[in-house]
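Coordinates in review
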Amino acid sequence: MTASQAKPAPLLAIWANPIFIRFARSRLRLGSALPWAVVILIGAAFAFSLIYILDTSNGTSPAHAANDAFFPLYILQAFLLLFSGTGSVANGINRECADGMTQYMRLVPMKPSAKIAGYLCGLPVREWALAALTLPFSLFCLLRGTIGFDRALTLYGVLALIAIGYHLAGCVVGTVVKNPRFASGTTRALILVLYFALPAFSNVGLTFFEYLTLRPVVIEVFAGVEGMPIFGNLFQQQSAVPEAQFFDRSFTRVQFTALVQLTLITTLFLILHRRWRDAESHLLGKGYAALLVGWIFLALLGNTIPAMADPGFYPKMYPSHRPEVNVKNAFVLASLMGVGALVLATCAIAVVSPSADQYRAGLRRARKLGLRRIPLRADAAGAGGWALVLALLAAAFWSAFNRHLFASKAIHEVPGHHLGMLGVGAPLALAVLILCFHGVYERFGRKASLMFVLFAWIVPLLLALLLTAARATDLAVLGAAFSALAAPFYLLTLPLLESDTLGMTTRLMRFGATLSTLAHVALLLALALSLHRHKRRIRRFVREEGAPVDG
């Protein structure tokens with residue numbers, strides 16, 4: 001074998017990637033791929049013919065009928081790539097892990113990026129081929145209709161970008177989740193959440209989540225196509241906002257979707273790259289996790305703050321122009337954003353926080369390398385400082401969101417000292433809850449933190465529901481106050497309402513919020529002291545060991 005033959009194939013030379021070649025040969029084998037090809041061709045031909053014949057039989061011109069027929073073909077192609085292809089990636093990579101093939105592939109002299117590219121292109125190769133089989137029908141529609149190849153290029157470019165992101169998500173899920181069926185089902189459920197659950201938040205002004213899907217691009221592109229008798233009204237009704245806002249700058253929906261998808265692709269690629277380099281590494285490094293959380297918060301603010309300038313900020317879910325009604329709507333929305341900030345920050349903390357064994361191994365390795373301490377960004381380093389950064393990011397995000405929301409034209413007026421409490425008191429209390437989770441996670445480990453979330457966050461809400469059913473409303477209100485998931489709702493009762501106009505329920509919520517905050521401050525101090533002593537014992541144990549051992 002010559003030196004050129006032994007040299008690994010370049011990253012972009014997918015056709016020479018041995019992982020891609022292996023899956024292409026197995027998944028495109030005639031016996032298994034031909035039945036799927038026949039089914040897809042029949043379905044595409046039927047959808048195309050049905051729409052085209054219905055339009056032309058009703059007197060529509062062939063060009064406009066071709067425009068209508070293009071849309072169901074595009075939806076079929078998107079289904080094959082995003083839903084079926086992503087499930088195949090998650091299931092396939094999980095089988096590779098279960099069969100030990102990923103461990104074998106770690107020994108192959110290829111760069112981690114080339115291995116990721118091989119799996120990313122090889123596992124869904126059948127779905128890409130099936131989608132390509134339907135392209136002749138789409139090409140006929142483009143040649144006969146008025147959509148134009150420039151719009152088609154935009155549609156297929158964004159579809160390919162989102163497909164890569166979703167397939168990377170399938171790789172991550174398949175790598176992390178051990179059960180193959182559960183991995184495939186989890187991935188497909190995630191896609192359903194992205195397409196049906198998260199876009200629903202656009203009804204209250206949170207349009208950011210729509211850019212994780214194809215919907216904004218499809219609406220923007222097809223809204224500019226004239227002559228779609230069947231599907232035209234669908235896009236015209238949803239194209240009222242032609243641009244995506246980011247503070248004082250405007251982007252087209254295509255540009256903002258590409259920005260969001262590139263962020264997703266970069267994050268997922270880094271997760272896989274880290275796992276290929278070290279199977280025991282954290283999903284993300286500490287610095288990038290903080291940067292990612294900060295970017296998500298910034299993007300949410302940049303996308304929602306311009307919308308708050310519109311007096312009709314609640315156009316669909318809460319159709320009212322009365323300030324008192326809008327205050328209640330804002331209360332619910334701000335509370336939900338607080339819960340979202342809490343969940344995102346705690347998930348990031350769970351990703352970057354080391355276990356006791358990892359911390360001990362990091363100390364041993366640092367001692368072996370002659371270092372005085374573990375590098376701050378290393379996976380084995382304590383995450384206390386990073387947890388504080390994440391908690392402050394969540395607090396700053398919630399503070400900025402509350403201030404802009406309750407000072408918007410939809411609310412008209414909120415007293416100034418209330419805005420001050422919204423911007424300082426409630427967000428700092430939220431940061432305390434996040435730091436409590438970090439203390440439990442790093443001091444007692446993953447399983448104990450799961451029990452903490454169950455019994456301290458979820459059980460109080462369940463007990464409150466039971467007490468409400470038993471008509472013990474006052475006890476239910478006080479009991480739910482100690483759940484971190486309900487804390488944003490309770491914390492916002494402090495600054496929003498005047499003390500002389502409070503009802504009994506709101507008074508109980510204010511009392512519960514105060515009591516819960518004080519209890520979590522005390523818990524945080526106890527956890528900080530316990531964690532400090534625990535790490536000191538580990539450091540003493542490592543110092544008293546004999547020869548250094550690389551962990």
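Everything discussed here concerns the structure shown above.
Described below are features of the structure shown in this document.

About the thresholds
Residues numbered from 1 in each chain as written. Predicted model: local features only at pLDDT ≥ 70, side-chain atom pairs only at ≥ 80, totals over all residues. Heavy atoms only, no water. Helix = DSSP H or I, 4+ residues; strand = E, 2+ residues; numbered from the N terminus. Contact = heavy atoms within 4.5 Å. 1 Å grid on protein atoms, 1.4 Å probe; cavity = no way out; pocket = protein on both sides within 12 Å on 5 of 7 lines; lining within 4 Å. Points joined across faces, edges and corners; volume = space filled by probe spheres on them. Nonpolar A, V, L, I, M, F, W, Y, C, P; charged D, E, K, R; others polar. Expected span 1.5 Å × (residues − 1). Buried < 20%, exposed > 50% of the residue type's maximum accessible area, 1.4 Å probe, protein only. Phe/Tyr/Trp six-rings, centres within 6.5 Å; stacked < 30°, edge-to-face > 60°. Patch = residues over 30% accessible without salt bridge, like charges linked within 9 Å, V, L, I, M, F, W, Y side chains within 5 Å. Areas by Shrake-Rupley, 256 points an atom, 1.4 Å probe, with all protein chains shown as cover. Salt bridge = Lys/Arg side-chain N within 4 Å of Asp/Glu carboxyl O. Lys, Arg positive; Asp, Glu negative; His and termini not counted. Charge placed at Lys NZ, Arg CZ, Asp CG, Glu CD. Axes fitted to C-alpha atoms, helices over the stretch in contact; angles between N-to-C directions. Parallel < 35°, antiparallel > 145°, perpendicular 65-115°, else oblique.

By the secondary structure assignment, Phe-70 is in helix α4 (residues 62–98). Residues Phe-70 and Ala-152, 82 residues apart in the sequence, show an inter-C-alpha distance of 9.8 Å. Once residues within four sequence positions are removed from consideration, Phe-70 is found in contact with Ser-138, Cys-141, Leu-142, Ile-147, Leu-155, Tyr-156 and Phe-222.

Tallying each qualifying case throughout the model produces two cavities of 30 Å³ or more. In terms of lining, the largest cavity is formed by Pro-354, Ser-355, Ala-356, Tyr-359, Glu-442, Leu-531, His-534, Lys-535 and Ile-538. Looking at the lining of the largest cavity, the elements that each hand over two or more residues are α16 (356–368) and α24 (504–544). Within the lining of the largest cavity, the residues separate by chemical class into five nonpolar, two polar and two charged. By volume, the second largest cavity amounts to about 30 Å³. In this structure, the second largest cavity is lined by Ala-429, Leu-433, Ala-487, Leu-491, Ser-516, Thr-517 and His-520. For the lining of the second largest cavity, the secondary-structure elements that each account for two or more residues are α19 (425–444), α22 (487–491) and α24. When residues in the lining of the second largest cavity are grouped by element, the largest group, three residues, is from α24. Class assignment of the residues belonging to the lining of the second largest cavity gives a composition of four nonpolar, three polar and no charged.

Here we come to the layout of surface pockets. Approximately 850 Å³ is the volume found for the second largest pocket. Lining the second largest pocket we find 28 residues, and of these Asp-278, Ser-281, Ala-378, Asp-379 and Ala-380 sit closest to its centre. When contributions to the lining of the second largest pocket are tallied by element, the ones reaching two or more residues are α13 (253–277), α14 (286–308) and α16. Tallying contributions element by element places α16 first for the lining of the second largest pocket, with six residues. Looking at the lining of the second largest pocket, its residues break down into 11 nonpolar, seven polar and 10 charged.

Before going further, it helps to examine α16. Under the 1.5 Å per step criterion, the end-to-end length of α16 is 18 Å for 13 residues, consistent within 8% with the ideal 18 Å. Looking at α16, one finds that the buried residues are Tyr-359, Ala-361, Gly-362, Leu-363 and Ala-366. Residues of α16 that are buried in the fold lie against α24. Following α16 by one or two positions, Gly-370 has its phi on the positive side, about 80°.

What follows deals with the packing of aromatic side chains. According to the stated counting rule, one finds 24 aromatic pairs in the structure shown. Seen in terms of ring centroids, Phe-70 and Tyr-156 are 6.2 Å apart; in terms of plane orientation they differ by 85°. Their pairing is edge-to-face. Of this pair, Phe-70 sits in helix α4 while Tyr-156 is found in helix α9 (residues 149–176), placing the two residues 86 residues apart along the sequence. When its relative accessible area of 22% is taken as the criterion, Tyr-156 is described as partly exposed. Three or more aromatic residues joined by ring pairs form one cluster here, namely Phe-70, Phe-71, Tyr-74, Tyr-156 and Phe-222.

The next subject is a positive patch on the surface. Together, Arg-533, Arg-536, Arg-537, Arg-540 and Arg-543 give the surface a local cluster of positive charge. The residue Arg-543 is located in helix α24 in this model. Taking relative accessible area as the criterion, Arg-543 reaches 57% and is therefore assigned exposed.

Remark: α14 packs on helix α17 (residues 384–406), axes separated minimally by 10 Å, with the N-to-C direction vectors making an angle of 0°. The orientation of α14 with respect to α17, classified from their angle, is roughly parallel. Facing Lys-286, Gly-287, Ala-289, Ala-290, Val-293, Gly-294, Phe-297, Leu-300, Leu-301, Thr-304, Ile-305 and Met-308 of α14, the residues of α17 in contact are Trp-386, Val-389, Leu-390, Leu-393, Ala-394, Phe-397, Ala-400, Phe-401, His-404 and Leu-405. Each residue belonging to the contact of α14 with α17 can be placed in one class, and the counts come to 17 nonpolar, four polar and one charged.

Locating Thr-257 in the fold gives a position in helix α13. According to the relative accessible area criterion, Thr-257 is buried, its value standing at 1%.

Glancing now at unusual backbone geometry. A positive phi angle, close to 55°, is found at Phe-247, a residue other than glycine. When its relative accessible area of 32% is taken as the criterion, Phe-247 is described as partly exposed. Here Arg-471, not a glycine, exhibits a phi torsion of approximately 65°, which is positive. Mapped onto the fold, Arg-471 is located in the loop between α20 (446–469) and α21 (473–480).

A rise of 1.5 Å per residue sets the reference length of α17, with its 23 residues, at 33 Å; its end C-alpha atoms lie 33 Å apart and thus fit the reference within 8%. Those residues of α17 not exposed but buried are Ala-387, Leu-390, Ala-391, Ala-394, Ala-395, Phe-397, Trp-398, Ser-399, Phe-401, Asn-402, Leu-405 and Phe-406.

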